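Below are the chains, spelled out letter by letter.
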Amino acid sequence: MFLWRIEVKDKPGIFDAIGEGIKKDILDLGINTVWDVRFVQVYNIKGELTEEQAKRICEELLVDRITQDYYLNPNHNLKNAPNNFIIEVAYNPGVMDPVEDSVLKGIRDLGIDSVTSVKTAKKYIIKGKLSPHQLRIISEKLLYNKLIQHIVKSRFRESSLLFGTEPRYQFKLITLDLLNASDKELMRISKEGQLFLNLFEMRAIKDYFKRLKRNPTDCELETIAQTWSEHCIHKTFKGRILYQERLKDAKLLVKTRSSFYINNLLKSTIMKVTQQLKKPWCVSVFKDNSGIIRFDKRYNICFKVETHNHPSALEPFGGANTGIGGVIRDPLGTGLGAKPIFNTDVFCFGPPDYPFYKLPKGILHPKRIMKGVVSGVRDYGNKMGIPTVNGAVLFHERFVGNPLVYCGTVGILPKEKSFKKPKVGDLIVLVGGRTGRDGIHGATFSSGELTHESERISSGAVQIGNPIQEKKMLDVILAARDIHLYNAITDCGGGGLSSAVGEMGKDLGVKVDLEKVPLKYEGLSYTEIWISESQERMILSVPPKNIDRLIKLFKDENVEATVIGEFTNTKRLKLYYQGNLVCDLKMSFLHKGLPKRTKKAIFIQPKFKEPGFACPDDLTDYLFKLLSNYNICSKEWVIRQYDHEVQGGSVLKPLVGINNDGPSDAAIVRPILDSKKGVIVSCGINFRFGFIDPYWMAGSCIDEALRQIIAVGGSLKEVALLDNFCWGNPDKPDRLGSLVRAAYGCYDIAKGFGVPFISGKDSLNNEFKLKNKTIAIPGTLLISAIAVMEDVTKAISMYLKTPGDLIYIVGMTYPELGGSHYYELFGKMGNNVPKVDVNLAKKIFSALNKASSLGLIKAMHDCSEGGMAVTCAEMAFSGNLGMEIFLKEVPFISKSPIPDSRSQKRDDFILFSESNSRFIVEVERKKQKEFERILKGIPFGLIGCVSPKKDFRVYGLNGKICINANIKDLKVAWQRPLRW
Amino acid sequence: MRKARVCVLRTAGTNCDQETAFAFSKVDAQVELVHINRLIERKKALLDYDILAIPGGFTYGDDVAAGKILANELRFKLKEDLKRFIQRGKLIIGICNGFQVLVKSGLLPGQDDFKQEASLIINDSARFEDRWVYLKNFSNKCIWTRNLPEIIYLPVAHGEGKFVVKDKATLIRLNKNGQIVFRYSDEKGKLKSYPYNPNGSQDNIAGICDETGRIFGLMPHPERHIDFLQHPHWIKRKNKEGDGLQIFKNGIEYARLYL
């Protein structure tokens, strides 16, 4: 027989965890008429097998005989019986089945070689009372995503669908008539080809080919579109901008003029900090796949953060999965290759309790997106054996249509492997996974806005990763690196081979024979091969004398390595398919031919209504509400799903405290297990401040990332920053205006702190188009920071340690409630956004660093979302100890350091202001004098002490209790919202 | 003195190989990371080593079921070598994914010839979880857990760690033979349910050994707690050796004395 179907299900009496999980999710949808869900794993196997062989495959491989039963070619009907519904979900044709490779290997290991293909499906047997409508809701909301999967309707049709073969590709050179095209036709060509090129760019291309007196091939046009996409070349950040500011106070201008031209925003702000600071420990910045700094005498470390927003909106699991997979390849493709040592992730979603009826068409519910994204990161990061140690999760309505998924990876590499240089005559070697039709147009897709039709048009941009393929590849690449087998390496990310090979060879010249690229299946055209964004692939530049050794090394660990071309000295990109020239472009045009246009940007300072309410007498309730705010509450449900301890280097974990469930400020990792040297990683993000002023949002993000480093015992001596701007459409002047202002905030504050940027990335066009309006995300800046820590045994954690110890606040509190979570409780925004007094902050940071290195600090936690009240509560319940706080001891100034309205001193303002550069510190009584001596000249207050009881008490300015709560209750409030 | 020789086995998806090797080298073993292809091609011989360590990870993606495909590879491609290795009284340790491999290949609990008698299946919570757990030591037989305090503290990080046996008789036999090595407990040694028992394991079982006490497998990661800095509360406790280190010491000590 040729086609076999195997169904595997748990034996009666075995707890069906997957089925039970789905039952719970169905209940979450508000459907309470389901009493049982069973999960059945289906394997469809193609191959000439005897019944005995098929049974052997089941019993020896596919079935766990202890807990599972199986049916071989069962006659079960797919039709639903009353109260018994069967839903079977299979992958769409062309979507990689992530399990196929392993199952095929497993079957071959049994000595059976006749199986050619395996396709899996998931079958759910749902028992309950359900209307067809409810059944459809369950399927669509929980069980499948139509972009990559479908519901099996008929068994017969299914097998031809699953195993249908692609027609062979017949070569035919395609050219597009640009020479005779009108502007209208140019734009039609751009749109139909999903090139996302604007008219000016299309005209420039037309002019280029006019000079050549010929029309471009489809491959040439695609190559230009990929190279010129926002994703690859960052034309907004590097282009020309006319910027205007309208502010109520001229002192707030980023420059002295209210309008000026910027030639290259990146070079005028972010990169300028680094250039001016000239830190000797910055090894390679803004040129490689990630930024490199010095770690110790033998090693450097590198860091990159990327976003994968649009794919995650459409297919959360696959989008996040390939997002983390992609950023892992950045350090791996840095210098001659770095070993990834940890990941970071930061997400912004719509509120998890967003009403279903408000959800626009074509959009997945925020909770489903969040669950899918977390699973995607979990799957890839854990399987790669890279600990995920730091991150943040934030929520806002404007992320409903366009979530943000930031993924970062830090790598370590030997000092002498920090630079790459491909040489003329080197062979271009493609290693790793095979090339398929997946991910076509990912780079250009990310350069447009999402619409409800995105799921239809751009489904090719969505894919699923294969982490084990990447892990295998990583292992061999590092081995090849250590025996010097190649001269350069880079990853295939957005734009696929087009971008990887084109970029690596831009100073030399490239010749590639596209038919040599190993394919997943037949039928790909030369252009598809060239621009496919199939995952888990890297490009090496290998001297011919090393090629045999290199290919053997890869083969030894079952990783494909294929020579697809060579680097030449022609300064041209030449591509062939079966001997036919399909692309011949000058490197200079490709990389420098993008026409520069001036974009308009304007920032008009918004004016929000100042809330006029009086200070409530009892603030206990407000503290509870803040702790339960989605942005503030515990993210344990997310963090636990990540392996944050693999590689053994974790020194300060993301969850700390007596019960390992408190929120750590930053993570510390020791990459070299027999050394005391560590890496601290932290992040700052707060889009709410950006509603008021993006400049101070940037300042606050930098301050937050840096103060977290201080809070865990680090110093500012060797700290590097990364910027990730996620913004709306940069062609709209208001979006671009706020982006520019944020970039200037980055420059001023980072420069003030003396901390350089080493890498960054922008993701623009984060907008969702509805019928007649567009919803842009709030402009969201993520600042990630890494610091080298000389001695990790000096680390500080955030939870209270000993009853009787003293509690200090260090830093100045201002009535900066603008954009605070406290005001949000009242539905207000306010205007007095937190500022950064860099000179004071630097003094505070360095004093606290001195105190922690002298061993004077028992616990320290920075004040951020929810202000000092939330900080103190978190310290208390994480240490399972009470606290008494006296607000009259908190240093407070009614006027901000930057001109702003004056406001009064009130209990709630002191407790919930989100002023920057502040810390709560626990100090042993006998160290009081020494600690206070170090803080001389810095605002601080001895505000209370650690109590042995479980009460959390705050005494207001009038001496009366204004917060009185049990720490257990506070903890429950903080843990409940996202405990799924 | 001759150093004990350790083979840390790796293949596609292995990912705790380096820290496992580091733990062995810290107790003065001679460690080698060996890809399974080299053993199958006979370029390396299993019998040249005293200890086989199968580390954590997601071998072959844990596709089909955790550890299954590597377990089959051992059963079908290295069976004779493994039999001889065991006959000579050598040692095997499987950690996390390695434990799953040992159980699914039938090397643990190891009554019949490579026949699976137990399994490690998906956690009751239906998701991967990373958390620290207390383990109570129940075995006098296992050579790997000698001289350990009664309760130790190690992290688990897995999605398929729920230990189940074929039938009641197997469980009784394991108990009677002293093959149950670790059970999940609270800090005082009391057996408790989730989250103390992080995956819903039958009888709270976290690790077992074979009848000789020389083959040992466990879901928690001793290699992630060999140094005081890895303990979640090290800042409060200061300077104590990691609980997991003794396990590696025991293996090396045994190999030195008897192999």
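What you see is a predicted model; the values in this text were computed from it and never measured.

Brief notes about the overall build of chain B
Okay, so step 1: When its secondary structure is counted, chain B shows eight helices and 11 strands.
Okay, so step 2: Taken against the 2.2 N^0.38 rule, which gives 18 Å for 259 residues, the C-alpha radius of gyration of chain B at 17 Å falls within 12% of a compact globule.
Okay, so step 3: For chain B, the C-alpha atoms occupy an extent of roughly 45 × 40 × 35 Å along the three principal directions.
Okay, so step 4: Restricting to contacts in chain B with at least 6 residues of sequence separation, those with at least 24 account for 75%.
Okay, so step 5: With 41 positive and 31 negative side-chain charges, chain B shows a separation of 2 Å between the mean positions of the two kinds.

Re the overall build of chain A
Okay, so step 1: Of the regular secondary structure elements, chain A holds 33 helices and 40 strands.
Okay, so step 2: In summary, chain A has a C-alpha radius of gyration of 29 Å against a globular reference of 30 Å for 980 residues, a match within 12%.
Okay, so step 3: Based on the C-alpha atoms only, the size of chain A along its principal axes is roughly 85 × 75 × 60 Å.
Okay, so step 4: Looking at chain A residue by residue over its 980 residues, the buried ones come to 66%.

A look at the packing of helix α2 (residues 51-62) of chain A against helix α3 (residues 68-77) of chain B
Okay, so step 1: For the pair α2 of chain A and α3 of chain B, interaxial distance at closest approach is 10 Å and the crossing angle is 110°. It follows that α2 of chain A is roughly perpendicular to α3 of chain B by the angle criterion. Facing α2 of chain A, whose interface residues are R56, E60 and L61 of chain A, α3 of chain B presents K68, I69, N72, R75 and F76 of chain B.
Okay, so step 2: Along the lines of polarity and charge, the residues of the contact of α2 of chain A with α3 of chain B split into three nonpolar, one polar and four charged.

Some thoughts on the packing of aromatic side chains
Pairs of aromatic rings are described using the distance from one ring centre to the other and the angle between the two planes.
Residues and elements named next belong to chain A.
Okay, so step 1: By the definition in use, this model includes 41 aromatic pairs over all chains.
Okay, so step 2: Relative to F589, the ring of Y208 has its centre 3.8 Å away and its plane inclined at 5°; by these criteria the two rings are stacked. Placement of the pair is Y208 in helix α7 (residues 199-212) and F589 in helix α22 (residues 587-592), with a sequence separation of 381 residues.
Okay, so step 3: Relative to F395, the ring of F349 has its centre 6.3 Å away and its plane inclined at 45°; by these criteria the two rings are tilted. Placement of F349 in strand β12 (residues 339-349) and of F395 in strand β13 (residues 388-395) is noted, with a sequence separation of 46 residues between them.
Okay, so step 4: Linked through ring pairs, F613, Y622, Y822, Y823, F826 and F912 together constitute an aromatic cluster.
Okay, so step 5: In this structure, K272 is placed above the aromatic ring of Y747, and the distance from its NZ or CZ to the ring centre is 5.1 Å.
Okay, so step 6: Cation over ring: R906 sits above F909, and NZ or CZ is 4.0 Å from the ring centre.

Comments concerning the interface of chain B and chain A
Okay, so step 1: Counting from both sides, the interface comprises 60 residues of chain B and, opposite them, 63 residues of chain A.
Okay, so step 2: Contact with chain A buries area across many residues of chain B, yet V64, D130 and K236 of chain B alone supply 12% of it, more than any other trio.
Okay, so step 3: Our count for the contact surface shared by chain B and chain A stands at eight salt bridges.
Okay, so step 4: Between D556 of chain A and R38 of chain B there is a salt bridge, with its nearest N and O atoms 3.5 Å apart.
Okay, so step 5: Linking chain B with chain A are 32 residue pairs in polar contact (both at pLDDT 80 or more), by the criterion used here.
Okay, so step 6: Mapped by element, the contributors of at least two residues to the side of chain B that touches chain A are α1 (17-26), α2 (36-40), α3, β5 (118-121), β6 (129-137), β7 (151-158), β8 (162-165) and α7 (234-237) of chain B.
Okay, so step 7: Top contributing element to the side of chain B that touches chain A by residue count: α3 of chain B, with seven residues.

A look at a positive patch on the surface
Okay, so step 1: Taken together, the side chains of K421, K423, K545 and R549 of chain A present a region of like positive charge at the surface.
Okay, so step 2: Residue placement: R549 of chain A occurs in helix α21 (residues 547-556).

A look at the sheet that holds strand β11 (residues 215-218) of chain B
The strands making up a sheet associate through backbone hydrogen bonding, with each pair oriented either parallel or antiparallel.
Residue and element names in this part refer to chain B.
Okay, so step 1: Across the sheet, which stays open at both edges, the nine strands sit in the order β2-β1-β3-β4-β11-β10-β9-β6-β7 with mixed pairing between neighbours. A single partner strand is all that each edge strand has here, and the edge strands are β2 (30-35) and β7. Ignoring strand direction, the axes of neighbouring strands in this sheet form an average angle of 25°.
Okay, so step 2: Bridge count for β6 against strand β9 (residues 180-185) is four bridges, and the pairing is antiparallel.

Some words on the environment of Y823 of chain A
Residues and elements named next belong to chain A.
Okay, so step 1: Note on placement: Y823 falls in helix α28 (residues 821-825).
Okay, so step 2: Through-space distance from the C-alpha of Y823 to that of L427 is 61 Å; in sequence the pair is 396 residues apart.
Okay, so step 3: Leave out the neighbours within four places in its chain, and Y823 touches E610, P611, F613, L817, G818, K828, M829, G830 and F909.

Considering the pattern of salt bridges
All names here are of chain A.
Okay, so step 1: As enumerated under the stated definition, the model contains 79 salt bridges over all chains in all.
Okay, so step 2: Between E100 and K119 there is a salt bridge, with its nearest N and O atoms 3.3 Å apart. Linking E100 in helix α3 (residues 100-109) with K119 in strand β5 (residues 115-128), this pair joins segments that are 19 residues apart in sequence. Accessibility classification places E100 together with K119 in one group, the buried group.
Okay, so step 3: With a closest N to O distance of 2.9 Å, K471 and D475 form a salt bridge. Here D475 and K471 lie together in helix α18 (residues 467-482), a separation of four residues that amounts to about one turn.

Examining the side chain of T14 of chain B
Okay, so step 1: By secondary structure assignment, the location of T14 of chain B is in the loop between β1 (5-10) and α1.
Okay, so step 2: For T14 of chain B, a relative accessible area of 2% puts it in the buried group.
Okay, so step 3: A distance of 2.8 Å separates the side chain of T14 of chain B from the backbone nitrogen of T11 of chain B, its partner in a polar contact.
Okay, so step 4: Other than its neighbours up to four places away in sequence, T14 of chain B contacts K471 of chain A together with L9, P55, G56, G57 and T59 of chain B.

Overview of the state of the cysteines
Okay, so step 1: Scanning all chains against the criterion turns up zero disulfides over all chains.
Okay, so step 2: C16 of chain B takes part in no disulfide bond, and the closest cysteine sulfur to it belongs to C96 of chain B, at a distance of 6.5 Å.

Notes on the packing of α18 of chain A against α21 of chain A
Residue and element names in this part refer to chain A.
Okay, so step 1: Contact geometry of α18 with α21 gives a least axis separation of 9 Å together with a crossing angle of 150°. The handedness of the crossing between α18 and α21 is right-handed. For the pair formed by α18 and α21, the contact residues are V476, I477, A479 and A480 on the first element and L550, L553 and F554 on the second.
Okay, so step 2: Residues that form the contact of α18 with α21 fall into these classes: seven nonpolar, no polar and no charged.

Some thoughts on unusual backbone geometry
All names here are of chain B.
Okay, so step 1: Of note, the amide linkage connecting L108 to P109 takes the cis form, showing an omega dihedral of -10°.
Okay, so step 2: Y194 connects to P195 through a cis peptide bond whose omega is 0°.
Okay, so step 3: At V64, a residue that is not glycine, the phi angle is positive and equals roughly 75°.
Okay, so step 4: Looking at where V64 falls in the secondary structure, it is placed in the loop between β3 (51-54) and α3.
Okay, so step 5: For V64, a relative accessible area of 23% puts it in the partly exposed group.
Okay, so step 6: In this structure, N147 takes a positive phi of about 60° despite not being glycine.

Details of the confidence of the model for chain B
Atomic detail in the predicted coordinates should be set aside for any region of low pLDDT.
Okay, so step 1: Of all residues in chain B, 99% attain a pLDDT of 70 or more, and the chain-wide mean is 95.
Okay, so step 2: Across the predicted assembly, pTM comes out at 0.95 and ipTM at 0.96.

Rules used in this analysis
Residues numbered from 1 in each chain as written. Chains lettered and ligands numbered in written order. Predicted model: local features only at pLDDT ≥ 70, side-chain atom pairs only at ≥ 80, totals over all residues. Heavy atoms only, no water. Helix = DSSP H or I, 4+ residues; strand = E, 2+ residues; numbered from the N terminus. Rg over C-alpha atoms; globule rule 2.2 N^0.38 Å. Contact = heavy atoms within 4.5 Å. Lys, Arg positive; Asp, Glu negative; His and termini not counted. Charge placed at Lys NZ, Arg CZ, Asp CG, Glu CD. Buried < 20%, exposed > 50% of the residue type's maximum accessible area, 1.4 Å probe, protein only. Axes fitted to C-alpha atoms, helices over the stretch in contact; angles between N-to-C directions. Parallel < 35°, antiparallel > 145°, perpendicular 65-115°, else oblique. Nonpolar A, V, L, I, M, F, W, Y, C, P; charged D, E, K, R; others polar. Phe/Tyr/Trp six-rings, centres within 6.5 Å; stacked < 30°, edge-to-face > 60°. Lys NZ or Arg CZ within 6 Å of the ring centre and 35° of its normal. Buried area = accessible area lost by both parts, 1.4 Å probe. Salt bridge = Lys/Arg side-chain N within 4 Å of Asp/Glu carboxyl O. Polar contact = N/O pair within 3.5 Å; in protein donor to acceptor, adjacent residues only side chain to side chain. Patch = residues over 30% accessible without salt bridge, like charges linked within 9 Å, V, L, I, M, F, W, Y side chains within 5 Å. Areas by Shrake-Rupley, 256 points an atom, 1.4 Å probe, with all protein chains shown as cover. Pairing = 2+ DSSP bridges. Disulfide = S-S within 2.5 Å. Left-handed = near helix turned anticlockwise from the far one by under 90°. pLDDT = per-residue confidence, 0-100.

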